[in-house]
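# Results of the structural survey
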Amino acid sequence: MKIKRAFRRGLEGLAGFAVLTGSVAATAADVLPSCFGEAQPLVVSSQMPYALVTLAGRQGYFVLDFGATFSTVVPEAFFGPLKPRPLPGLTDTYADFNFFGSWGRVRLPAGGASGLSGSVPQAGIIGTDFLAAHIYTVDYPQGRLHRAGRGRFCSDEALREEGFAALSTRDYYAEGPDRLTCPRAGSPACPNVPAVPVRIGPVEAVAQLDTGYDDSAQPLSVNINVALFDALLKAGVRLQPRPEIALQLTTCQPGVTETVDAWQLPPGSALGLVGTSGRVVRREPGVTLFVKRTPPAARVCGGIGTWPQPAAQLGASFFVGGVLVVDPFSARVWFRESTPASSPLSERDRP
């Protein structure tokens with residue numbers, strides 16, 4: 001988590017950008033069917049989705065971060081002069097957390113600074129320790145967040161009729177750790193973060209979906225590990241260096257930094273998201289690759305930089321133009337593009 005946040009702050013030094021959109025007046029054609037579940041307003045700030053929650057009687061905006069495995073709180077970023085306080089004698093346990101209803105007593109460790117890059121104060125992070133308990137639909141264009149329980153969600157047919165395409169998160173995201181194996185991680189550690197198959201040229205990998213990674217300074221940013229970088233070079237993908245946006249990042253280890261060099265995909269090449277059918281269902285040209293070269297002293301921090309097989313992370317700009325469904329029960333995500341940002345598929349992208 002510290003690496004990811006530092007990466008975002010580094011990019012902001014290159015270009016500043018903030019967007020705030022709230023719940024908008026949607027037409028009947030825009031509103032998702034009732035099978036998507038109950039809904040509440042969604043705020044999008046610096047491409048990241050936020051929900052207004054109540055903690056110990058106080059309100060604040062929490063970012064919905066599918067790239068984070070645990071939730072945190074920043075009490076100072078809540079509205080009003082009175083801030084939420086933990087229970088007497090405790091430092092990180094609060095009496096009541098209300099997000100789509102009450103979760104009762106919860107433990108929320110302290111997070112970092114508030115308002116990291118957005119136009120709303122970031123009072124906390126809702127990670128997959130909470131999100132994996134339900135099916136969440138993030139409707140960015142309409143400013144709505146939906147939640148559904150197991151067995152109470154739309155059928156596959158209904159989703160396809162609405163224009164959604166499915167991608168598998170099998171082995172990488174589920175409602176419980178017993179279904180996680182993370183085969184590309186090469187270690188028993190397996191973060192509960194949705195990861196989907198991707199393809200660049202002939203090279204296949206998995207990419208984590210990181211809704212809390214604001215890449216607005218360099219849209220369509222993709223963090224990749226050394227294994228994926230080496231596989232692309234071996235396959236003859238002619239990556240173009242971008243030394244002007246290379247970064248030196250802090251890590252979770254004090255005094256240890258991580259080199260992140262930047263590369264552009266060549267013209268005519270693209271990153272493809274591979275659907276459950278094995279076909280590319282979305283093609284994104286013009287992505288920028290940031291190679292994470294985790295030093296030995298920081299390998300304890302984990303992350304894709306320590307994985308021995310090709311892996312990546314997708315920035316928030318990949319999702320902000322559409323509607324994202326994350327389903328831990330069927331181990332799938334569904335996505336519908338609402339803007340013409342993605343290019344159509346060519347025959348060479350098809351198996």
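Everything that follows concerns the structure shown earlier in this document.
Let's shift gears to the sheet that holds strand β2 (residues 38-41). Adjacent strands of a sheet pair through backbone hydrogen bonds, lying either parallel or antiparallel. Taken together, 6 strands build an open sheet; the order of strands is β2-β12-β11-β24-β25-β13 and the sheet is antiparallel. If you trace the sheet from one side to the other, it starts and ends with β2 and β13 (165-168), each paired once. Across the sheet, the mean angle separating the axes of adjacent strands is 20 degrees when strand polarity is ignored.

Of all hydrophobic cores here, the largest spans 59 residues; its most connected members are Phe97 and Phe99. Here the element with the most residues in this core is strand β15 (residues 203-209); it accounts for 4 residues. Among residues more than four places away in sequence, those in contact with phenylalanine 99 are Gln40, Ala51, Val53, Leu64, Ile126, Tyr136, Leu145 and Arg147.

In this section: the state of the cysteines. Inspection of every chain in the model, using the stated rule, returns 2 disulfides. Across a sulfur-sulfur distance of 2.0 Å, cysteine 35 and cysteine 154 are joined as a disulfide pair. Negative torsions about the S-S bond denote left-handed disulfides, and the value of about 90 degrees found for cysteine 35 with cysteine 154 makes this one right-handed. Taken together, the residues cysteine 35 in the loop between β1 (20-21) and β2 and cysteine 154 in the loop between β12 (144-148) and α3 (156-161) connect sequence positions 119 residues apart.

We now examine unusual backbone geometry. Its identity is not glycine, yet glutamine 47 carries a phi of approximately 70 degrees, on the positive side. Mapped onto the fold, glutamine 47 is located in the loop between β3 (43-45) and β4 (48-55). Given a relative accessible area of 10%, glutamine 47 falls into the buried group. A positive phi is found at aspartate 171, a non-glycine position, where the angle reads about 80 degrees. Relative to the elements of secondary structure, aspartate 171 occurs in the loop between β13 and β14 (195-200).

A separate point is the pattern of salt bridges. According to the stated counting rule, one finds 12 salt bridges in the structure shown. In this structure, the salt-bridge partner of arginine 179 is glutamate 175, at a minimum N-O distance of 2.5 Å. Given the relative accessible area of 30%, arginine 179 is considered partly exposed. Accessibility expressed as a relative area gives 32% for glutamate 175, which makes it partly exposed. The structure contains a network of salt bridges with shared partners spanning Arg150, Glu175 and Arg179.

Along the chain, alanine 39 turns up in strand β2. Sequence spacing of alanine 39 and tyrosine 136 is 97 residues, and the spatial spacing of their C-alpha atoms is 9.7 Å. Setting aside its immediate chain neighbours within four residues, alanine 39 contacts Phe100, Arg144, Leu145 and His146.

This brings us to helix α4 (residues 226-234). Among the residues making up α4, those that are buried are Ala227, Leu228, Phe229 and Leu232. Elements that come into contact with the buried residues of α4 comprise β14, β15, β16 (221-225), β19 (257-264), β22 (288-293) and β23 (311-314). A positive backbone phi angle near 85 degrees is found at glycine 236, which sits one or two residues after α4.

On to the packing of aromatic side chains, then. According to the stated counting rule, one finds 14 aromatic pairs in the structure shown. Considering the side-chain rings of phenylalanine 36 and phenylalanine 164, the 5.7 Å spacing of their centres and the 40 degrees angle between planes classify their relative orientation as tilted. Taken together, the residues phenylalanine 36 in the loop between β1 and β2 and phenylalanine 164 in the loop between α3 and β13 connect sequence positions 128 residues apart. An identical accessibility class is assigned to phenylalanine 36 and phenylalanine 164; each is buried. On the basis of an interplanar angle of 50 degrees and a centroid distance of 5.2 Å, the ring pair of phenylalanine 97 and phenylalanine 130 is categorised as tilted. With phenylalanine 97 in strand β8 (residues 97-98) and phenylalanine 130 in helix α2 (residues 128-131), the pair connects residues that are 33 residues apart, well separated along the chain. Summarising the burial analysis for this pair, phenylalanine 97 and phenylalanine 130 share the class buried.

The rules behind the values
- Residues numbered from 1 in each chain as written.
- Predicted model: local features only at pLDDT ≥ 70, side-chain atom pairs only at ≥ 80, totals over all residues.
- Heavy atoms only, no water.
- Pairing = 2+ DSSP bridges.
- Helix = DSSP H or I, 4+ residues; strand = E, 2+ residues; numbered from the N terminus.
- Axes fitted to C-alpha atoms, helices over the stretch in contact; angles between N-to-C directions.
- Core = buried A, V, L, I, M, F, W, Y, C linked by side-chain atoms within 4.5 Å.
- Buried < 20%, exposed > 50% of the residue type's maximum accessible area, 1.4 Å probe, protein only.
- Contact = heavy atoms within 4.5 Å.
- Disulfide = S-S within 2.5 Å.
- Salt bridge = Lys/Arg side-chain N within 4 Å of Asp/Glu carboxyl O.
- Phe/Tyr/Trp six-rings, centres within 6.5 Å; stacked < 30°, edge-to-face > 60°.

No statement about biological role is implied by the geometric values presented.
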